[in-house]
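# Fold and geometry: a report
One-letter residues, chain by chain:
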Amino acid sequence: MLNEGLRLQSYYSPVVHSKSNSRRHLYLPLLNFHPAPFHLSLSNGSFLLRHSVTMGTHEKQSNTRTKSASIQPMTGEVVAESQDISTRGDSIRRRFLEFYALRGHRVLPSSSLVPDDPTVLLTIAGMLQFKPIFLGQVPREVPCAATSQKCIRTNDIENVGRTSRHQTFFEMLGNFSFGDYFKKDAIRWAWELSTLEFGLASERLWISVFEDDDEAYSIWHDEDLNDDTRFIEFYNLVFMQYNKNEDGSLQPLKQKNIDTGMGLERMARILQKVPNNYETDLIFPIIEKASEMANVCYALSDEPTKTKLKIIGDHLRAVVYLISDGVIPSNIGRGYIVRRLIRRVVRTGRLLGIKGDGAGNLDGAMLPVLAERVIDLSPQIDIDVRARSPRILEELKREELRFRLTLERGEKLLEQMLANALASAKETGTVPCLSGKDAFILYDTYGFPVEITMEDTAELGVSIDMKAFDTEMENQRRQSQAAHNTVKLTVENGADLTEKIPDTEFLGYDFLSAKAVVEGLLINGSPVLQVSEGSEVDVLLNRTPFYAESGGQIGDQGFLYVTDAEKHLRAVIEIKDVQKSLGNIFVHKGTIREGIIEVGKEVEAAVDKNMRQRSKVHHTATHLLQAALKKVIGQETSQAGSLVAFDRLRFDFNFNRPLLENEVMEIENLINRWIGDATLLQTKVMPIVDAKRAGAIAMFGEKYGDQVRVVEVPGVSMELCGGTHVSNTSEIRGFKIISEQGIASGIRRIEAVAGEAFIEYVSARDNYMKQLCSTLKVKAEEVTTRVDALLEELRMTKNEVSEVRCKAAVDKASAIASKAFVVGTSKKIRVLVECMDDVDADSLKSAAEYIVDTLQDPAAVVLGSCPGEGKVSLVAAFTPGVVDLGLQAGKFIGPVAKLCGGGGGGRPNFAQAGGRKPENLSSALEQARSDLLSVLYEKTG
C-alpha cells in the first residue's frame, strides 16, 4: 500500500528544430516518463521539484530546482476521500470521459494497437492518433478531445510482475487540446478531476513542474517525485508551447496544444486501495483464474509465485488485444512481440505447474481458457474483441501447442549445451561455464527465463557467463526501445508546402475529368516553379478526379493537359501513380511528355477510364469475396490486408488451413451469383457509430474519422470504405480465383480476377485449351482422359527403358565381375572397384547388387559412372563378412564422393552418392581402391 503520496506531473514541451539533412524534426516527450527518484528531506515543509524532458530521440536533460510551498508533511495511507463512489475500472474510465465531455471535449474511440505511423511499431501513447494534428499535417476536426487509448509497451518487459506498476498492456486516459485551452484550464481541470471527481485528498497530492515553467508553477502554487514505494505518478500534463531553434532559442508555436495522460490501472489501484496495478479489478480476475488452474492461492503465495501470476495476467491482456487488432504471432515485427509474450505466458504457466488446459486434458491448451477471462472483461475497452473471440482463441491454441514442441527442443538443447560445457571444462581443466550467448538463446528463442537456466546449470555445477548474457540483453533492449519507446514527429522537406497548399479536393467519386490548378511541383522532393519535357515530376493540384492509393486500392492513371487561351495543347503530363502525402494532399506522379508545366497554371485532369473501371471492379469484388468467405468458412474470418490492382485483386484473411477444393468452388459460385443478381450498390456517409451499429465492417489497419463512407451491396455486404466501386454488381461480369495459399501462420491469401481481367484470363486459358486439343487431336472434354492415357504410356515406357538399361548394366557387370581380385590371407575377400562409363544411378545400383551376389560373401564392390554432363554416380556394396570387419559402405562412400565435388551415404551394407565433377571420377576410384585395400589388408593380414 502506498503510504506517502501521489504525484501529478506537468511540464512544457519545447519542440526540437533541426535542419540537418534539410529536415525539420518535432519530438514529444513520452507520456509515462519518470524522472530520477527524489527524497522528501526538508524540515521546513518545502518540497523538491524535479523533472526531465525528452529532447530529440533519446537524449534526456535533467534539471532540479527547489521552491518553497505551504504543504503538510505526508503521513498515513493514500486513500480516496469518498467511499460511496464506484471505484471499478470501468467506472473510472467512464467518469473520466464524462468529466471532460461536460467541459466541451469530444469523446473519441481508442485507435488500433497497430498505428498508422511508420515511426513506431505499436501504439505506445494516447497522443499517437493525434500526431498529424500536432504536426499541422491535417486540420483539427474538433478543438479538444478525450480518449481511453489501448497501449502496448514492451521496453520494460523484464519488470512486469516485479514492480507495482510496469505493464505491457494498459489504458491511457487522456484529454487533448488542439489550439483551444492551455495551461490554466488543463491544470484546473486536472485538479478538479483528482480532488473532486475522484476524491483524492489534496494534502496528499504532489506536483512536479518543469524547472523553467514559472507559469505552470504559479498556477499550481497560487490557484489552487520516482519512487513507487512512496509515490505513484498518475497524471501527466504536457504543454506544447515552443519550437526550439538550432541556436537554442525558443520560438512560440502558432498553435499551443495540450497532451495529457492518466494511467487507468494506476488510478484504479489508488481508488481500490490495492498495493499494485495487478490487483485491481482490471487484471486480478485473470490472475484468479490462473491461480485456480495452477491450484494455488494468490493471497497465500510467496513473491516468486505472485510474480509469475502477475506476468500471466498482464501478458494475456496484451496478446488478446493485439490478436484482436490483427497482429498474428510470427518471427518478425509486431508478430514477434505477440509470439514472445505468448511464450512467456506458456513457460510461466508450466513453471506454476499448469498442465494441459488446467482441467485434466493434458493435450489441451491453457491460453484459450485464460483468454476467455480477458474477453469477459473486454466490452468496455473494445467492443470488437468479443466478436473476434473465436479467431483469438484458435490462434492462441495453435501457437501454444506449437510452442510446446519448441519448449521440448529447448530443453534438449539446454541438455546438450550443458554436456558440451562439462566436456570442454574437463578437457581444459577449468570450471564449467555456459556462455552468455547460449543462455540468451534459451531465453529469447525458447522462452527459458535465465533464473530457470541458472537453477538447471547449478545442479550440475555449471555457472553462466552473466556479463555476456547482460550484454546480449542490453543489445535487444536498445533495439526494443528504439522501436517502441519514441513517438517521433517528423516533417520532411515538403512540410514547408503545408502552409501554402490546402488539402486536395477529391472529385473522383462523381467525375473522371476536371479543371484544376497546379498548386505545387516537386522534383526529387524539392519544390520548383516549372518543369520541362522529359522530366519526372510530382504534381500537386487544388482538386482532382484521380484516386490516390489507399485502402488497398492503387492510384489512378491518366493525363494532365495544359492548353492556352485558344485551346491549343501546350503540355501533356502522363500520370502513372497517385499517392497521399502530408495528410490529405494528393501527389500525382508523372512524366512530362510534351511542353512545360508551371505552378499556377490550369490543367485538365483526365483519369484513364479503362484503368479506373478495372480497379472499381476489383474493389467491389473484394467486398463480395469477404462476404463469401464469411458465409462459407465462418463469420470469425476477417480481412488481414488487400491489394486492388488493375490486373487482379489480392485478399489476405485469417484462417488456419488451406481451403478445400469444394470451398473454393462454393465461394466462386456465390460471388458469380451475386454478380448475376445485378444489385445496385448503395453508398452513404454517416457517423461511424451509426455505421458500426448497422453492422458495417471496418478494414483492418484503416483509420476512420467521425463521418465514414459506407459501401453496401444490399443483402450481401456492408463495409466502411473510401475506395471507388461499380454502381451495379453486373459490371463485374465474372469472378475467378486463380490461387489460394498460406503466407504466414494463420494467414491465407487469395488472388483473383474480375471484369476485364476475368475475360482476359478466361480467353487466354481457352486459347491454351484449343492449342492442347489441336496437339492431342481430341475435343476439350476428352483432354483429361487423353492426358491420363499418355501419362500411363509414359510411365510404362520409362519402366521398360529402365528395365532395358538395368539389363544392359547387369550384362556389363557380368563382364567386369571377372576383374575382381582377392585380398587377405586369413580371410579371403573378393574386391572390385571399376568405372561403368555412362550408366545411370538406378542401373549402377542394379549392377552392384548383381556383382555382389555373383562374387558371394565376403566381397566389397565400389562402382562409379558419369550418367550425364556434370554428373557423377557412385555406389558401394559390402557383404556381411566385410561389414563384420568394421567397414561400412555409408561411411566409406562419402569421402570418395567428396573428391568428385559431392556427397552421399547409406546403410553399412549398401550406399549411394553423387558428385558434380566427372573429371575427378578416375582419380577418386583409384583412391577408393587404395583405401579399401589398405583397410582390408590391415583387418585380414
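Residues numbered from 1 in each chain as written. Predicted model: local features only at pLDDT ≥ 70, side-chain atom pairs only at ≥ 80, totals over all residues. Heavy atoms only, no water.

## Observations concerning the overall build of the protein
Looking only at helices and strands, the protein has 24 helices and 36 strands in total. In the protein, buried positions account for 52% of the 941 residues. A total of about 42200 Å² of accessible surface is found on the protein, and carbon and sulfur atoms cover 49% of it. (Helix = DSSP H or I, 4+ residues; strand = E, 2+ residues; numbered from the N terminus. Buried < 20%, exposed > 50% of the residue type's maximum accessible area, 1.4 Å probe, protein only. Areas by Shrake-Rupley, 256 points an atom, 1.4 Å probe, with all protein chains shown as cover.)

## With respect to the pairing of strand β15 (residues 513-523)
Note that β15 and strand β23 (residues 602-607) share five bridges and pair antiparallel. Opposite valine 517, over in β23, you have glutamate 602 as the bridge partner. Relative to strand β16 (residues 526-528), β15 runs antiparallel, the two sharing three bridges. Directly across from isoleucine 523, in β16, lies its bridge partner serine 526. Connecting β15 to the next strand, β16, in antiparallel fashion are two residues, including asparagine 524 with a positive phi near 50°. (Pairing = 2+ DSSP bridges.)

## Considerations on the sheet that holds strand β25 (residues 649-654)
The antiparallel open sheet is built from four strands, whose spatial order is β24-β25-β30-β29. Of all strands in the sheet, those with a lone pairing partner are β24 (639-644) and β29 (735-744), marking the two edges. Each strand of the sheet is rotated relative to its neighbour by a mean of 15°, with strand direction disregarded. Of the strand pairs in this sheet, β25 and strand β30 (residues 747-754) are connected by six bridges, and their pairing is antiparallel. Directly across from asparagine 654, in β30, lies its bridge partner isoleucine 747. Running at roughly 30° to β25, helix α16 (residues 609-633) makes contact with β24, β25, β29 and β30 of the sheet. (Axes fitted to C-alpha atoms, helices over the stretch in contact; angles between N-to-C directions. Contact = heavy atoms within 4.5 Å.)

## As for the packing of helix α6 (residues 284-294) against helix α7 (residues 303-324)
In contact at an axis separation of 8 Å, α6 and α7 are set at 125° when each is read in the N-to-C sense. Our classification of the angle between α6 and α7 gives oblique. Where α6 crosses over α7, the handedness of that crossing is right-handed. Residues Ile286, Ile287, Ala290 and Ser291 of α6 form the contact with α7, whose own contacting residues are Leu309, Lys310, Ile312, Gly313, Leu316 and Arg317. (Parallel < 35°, antiparallel > 145°, perpendicular 65-115°, else oblique. Left-handed = near helix turned anticlockwise from the far one by under 90°.)

## Topic: the nonpolar core
In this structure, Phe96, Phe198, Tyr235, Met262, Leu316, Val320 and Leu396 are the most contacted members of the largest nonpolar core, which totals 101 residues. With ten residues, the top contributor of residues to this core is α7. Counting 31 residues, the second-largest nonpolar core is a separate cluster that includes Ala627, Leu629, Cys721 and Ile737. (Core = buried A, V, L, I, M, F, W, Y, C linked by side-chain atoms within 4.5 Å.)

## Here we look at helix α12 (residues 436-444)
Residues of α12 that are buried: Gly436, Ala439, Phe440, Leu442 and Tyr443. Down the axis of α12, the smallest arc covering the buried residues is 160°, so these residues share one side. (Arc of directions from axis to C-beta.)

## Observations concerning the confidence of the model for the protein
Summing up the model confidence of the protein, the mean pLDDT is 82 and the portion of residues at 70 or higher is 86%. Scored below 50 in pLDDT, residues 11-84 makes 219 contacts in the model with residues more than four places away or belonging to other chains. (pLDDT = per-residue confidence, 0-100.)

## Quick look at the sheet that holds strand β36 (residues 910-915)
The mixed open sheet is built from six strands, whose spatial order is β31-β32-β33-β34-β36-β35. Each of the sheet's edge strands pairs with one partner strand only, and the pair in question is β31 (821-823) and β35 (903-906). Across the sheet, the mean angle from the axis of one strand to that of its neighbour is 20°, orientation sign disregarded. Where β31 lies against strand β32 (residues 829-835), three bridges are found, and the strand directions are antiparallel.

## Here's the deal with the pattern of salt bridges
A full pass over the atoms with the stated rule returns 41 salt bridges. A salt bridge links aspartate 90 to arginine 93, with the shortest nitrogen-to-oxygen separation between them at 2.9 Å. Placement of the pair is aspartate 90 and arginine 93 together in helix α1 (residues 89-101), with a separation of three residues, close to one helical turn. Relative accessible area serves as the criterion here: at 30%, aspartate 90 is assigned to the partly exposed category. Residue class for arginine 93 comes out buried when judged on its relative accessible area of 5%. Residue arginine 795 is joined to glutamate 792 by a salt bridge in which the shortest nitrogen-to-oxygen separation is 2.4 Å. Linking arginine 795 with glutamate 792, this pair stays in helix α20 (residues 783-816), spanning three residues, or about one helical turn. Assessed through its relative accessible area of 43%, arginine 795 is described here as partly exposed. Look at glutamate 792 and you get partly exposed, because its relative accessible area is 33%. (Salt bridge = Lys/Arg side-chain N within 4 Å of Asp/Glu carboxyl O.)

## Details of the side chain of threonine 724
Structurally, the position occupied by threonine 724 is in the loop between β28 (717-720) and β29. Separated by 2.8 Å, the side chains of threonine 724 and glutamine 553 make a polar contact. Setting aside residues no more than four positions away along its own chain, threonine 724 makes contact with Tyr509, Tyr547, Gln553, Arg612, Ser615, Lys616 and His619. (Polar contact = N/O pair within 3.5 Å; in protein donor to acceptor, adjacent residues only side chain to side chain.)

## Here we look at the environment of valine 644
Locating valine 644 in the fold gives a position in strand β24. Put simply, valine 644 and glutamine 553 are 91 residues apart on the chain and 4.3 Å apart in space, counted from C-alpha to C-alpha. Sequence-distant contacts of valine 644, that is, excluding residues within four places in its chain, are made with Gly552, Gln553, Ile554, Ser615, His618, His619 and Thr622.

## Things to note about the packing of α16 against helix α19 (residues 755-776)
For the pair α16 and α19, interaxial distance at closest approach is 7 Å and the crossing angle is 90°. Of the possible angle classes, the one that applies to α16 and α19 is roughly perpendicular. Where α16 approaches α19, its residues Arg614, Val617 and His618 are matched on the opposing element by Gly755, Glu756, Ala757 and Glu760. Residue composition of the contact of α16 with α19, by class: two nonpolar, two polar and three charged. (Nonpolar A, V, L, I, M, F, W, Y, C, P; charged D, E, K, R; others polar.)

## Quick look at the packing of aromatic side chains
What the rule picks out here adds up to 20 aromatic pairs. Summarising the aromatic geometry, the rings of tyrosine 181 and tryptophan 189 are spaced 4.8 Å apart at their centres and angled 75° between planes, so their arrangement reads as edge-to-face. Here tyrosine 181 matches tryptophan 189 in class, with each residue buried. Pairing phenylalanine 506 with tyrosine 547 gives two aromatic rings, centres 6.0 Å apart and planes at 70°, and the pair type is edge-to-face. You can see phenylalanine 506 sitting in strand β14 (residues 505-506) and its partner tyrosine 547 sitting in the loop between β19 (543-544) and β20 (558-563), a full 41 residues away along the chain. (Phe/Tyr/Trp six-rings, centres within 6.5 Å; stacked < 30°, edge-to-face > 60°.)

## A closer look at the side chain of glutamate 668
Residue placement: glutamate 668 occurs in helix α17 (residues 661-676). On the accessibility criterion, glutamate 668 (10% relative accessible area) is buried. Those residues in contact with glutamate 668, other than ones at most four positions away along the chain, are Phe735, Lys736 and Ile737.

## Observations concerning the pairing of strand β21 (residues 569-581)
If a strand is regular, its side chains alternate between the two faces of the sheet. One ladder, built from six bridges, connects β20 with β21; its direction is antiparallel. Its bridge partner being in β21, threonine 563 is matched across the sheet by leucine 569. Relative to strand β22 (residues 585-598), β21 is paired through ten bridges, and the arrangement is antiparallel. Each residue of the ladder has a partner; that of alanine 571, found in β22, is glycine 595.

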